[in-house]
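Residue-level structural notes
Each chain, written out:
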Amino acid sequence: MKVSLQKLLLLGVLLEFLILLICYFLHPEIEETFRYAARYSGRLSAGIFLYTFYTYTIAFPNSFTKSSKLRHFIRLFAVLHLIHFGFLVTNVYLNEIPLVPVKLVGGLLAYLMIVWAPFKLHKLKHSLQLVYFYYVAFVMIMTYLARAKGDFVGAEPSWFHYLALVVFVVSAAVFGIKIWKAGKLEK
C-alpha cells in the first residue's frame, strides 16, 4: 500500500497535536503539559525512527532506489522530531531544567543530522548512511539509558525506559547483522 508523503505528514502532525491536547487535559498546568508532551512525542519519534531504520535495512543495499517509502519516512521522522524538539525546548524552559553542555553537543549533532537527512542522505555512500542511522540510534539509546538510570529531571525510571533500551540495542544489532549479511557495504 502506497501512502503519500502529504498524508503521512498530516497524520504525524495530527498525532503530535493529539499528544499535546491529551497532555493538556491530563496535566493542565502548562509546565506539566509540555513535560509530558515532550516525553510522549519523543516516544512517537523513536517508533518512527525504528521503523525507518527497519525500512532501510530490509531494502539494503538499494534502500533509496527501490521505493520512495524510505525517503517519506525519513522526512516524516525529521518533521516529527522537530515538533518533539519544540516540546522539549519548551519543557526545559518552563521547568527550568539544567542543561549539561556535553550532552547538548551530542544531541545537537543528532538533530542537525535528522534535519539534514531528508535532503542529502540518499546521495551518500552506504557507509555514511549507516553513520546517520547508528548515530541517531546511539543518541536514543543514551537517552533511554539516562532515563533508566534516573538522570532525567522530572521523570522517574519506568519499565518503558528499560523496554525501549532493549528494543533499540537489539534492533541496532539485528539490523547490523542483516546489513552485514547483504555484504555490499561500500568501502
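Our subject is the structure listed above.
Residues numbered from 1 in each chain as written. Predicted model: local features only at pLDDT ≥ 70, side-chain atom pairs only at ≥ 80, totals over all residues. Heavy atoms only, no water.

So, on to the overall build of the chain. The secondary structure content of the chain amounts to 6 helices and 0 strands. When the helices and strands of the chain are placed in sequence order, the string is α-α-α-α-α-α. At 17 Å, the chain has a C-alpha radius of gyration in line with the 16 Å of a compact globule built from 187 residues. Along the three orthogonal principal directions, the C-alpha set of the chain runs to about 50 × 35 × 30 Å. Every one of the 187 residues in the chain was classed for burial, and the buried ones make up 41%. Within the chain, residue pairs in contact and separated by at least 24 positions form 72% of the contacts whose partners lie at least 6 positions apart. (Helix = DSSP H or I, 4+ residues; strand = E, 2+ residues; numbered from the N terminus. Rg over C-alpha atoms; globule rule 2.2 N^0.38 Å. Buried < 20%, exposed > 50% of the residue type's maximum accessible area, 1.4 Å probe, protein only. Contact = heavy atoms within 4.5 Å.)

Glancing now at the pattern of salt bridges. Counting across every chain of the model gives 2 salt bridges. When the shortest N-O distance is used, the salt bridge between Glu 32 and Arg 35 registers 3.0 Å. With Glu 32 and Arg 35 both in helix H2 (residues 30-59) and 3 residues apart, this pair spans about one turn of that helix. Residue classification places Glu 32 among the partly exposed positions, given a relative accessible area of 24%. A salt bridge links Asp 151 to Lys 149; the nearest nitrogen and oxygen atoms lie 3.8 Å apart. Look at Lys 149 and you get exposed, because its relative accessible area is 57%. (Salt bridge = Lys/Arg side-chain N within 4 Å of Asp/Glu carboxyl O.)

Before going further, it helps to spend a moment on the side chain of Thr 55. Residue placement: Thr 55 occurs in helix H2. Under the relative-accessibility criterion, Thr 55 is labelled buried at 7%. Filtering out sequence-adjacent residues up to four positions away, Thr 55 remains in contact with Lys 69 and Leu 70.

This part is about the layout of surface pockets. Put simply, the largest pocket is a space of about 1300 Å³. Of all the secondary structure elements, the ones that give two or more residues to the lining of the largest pocket are H2, helix H3 (69-94), helix H4 (101-120) and helix H5 (126-149). Per-class residue counts for the lining of the largest pocket are 28 nonpolar, 8 polar and 7 charged. (1 Å grid on protein atoms, 1.4 Å probe; cavity = no way out; pocket = protein on both sides within 12 Å on 5 of 7 lines; lining within 4 Å. Points joined across faces, edges and corners; volume = space filled by probe spheres on them. Nonpolar A, V, L, I, M, F, W, Y, C, P; charged D, E, K, R; others polar.)

Running from N to C, H4 and H5 point in directions that differ by 140°, and their axes come no closer than 10 Å. In terms of orientation, H4 and H5 fall into the oblique class. The two elements H4 and H5 meet at a crossing, and its hand is left-handed. Contact residues: H4 offers Gly 106, Leu 109, Ala 110, Met 113, Ile 114 and Ala 117, while H5 offers Val 131, Tyr 132, Tyr 135, Val 136 and Val 139. (Axes fitted to C-alpha atoms, helices over the stretch in contact; angles between N-to-C directions. Parallel < 35°, antiparallel > 145°, perpendicular 65-115°, else oblique. Left-handed = near helix turned anticlockwise from the far one by under 90°.)

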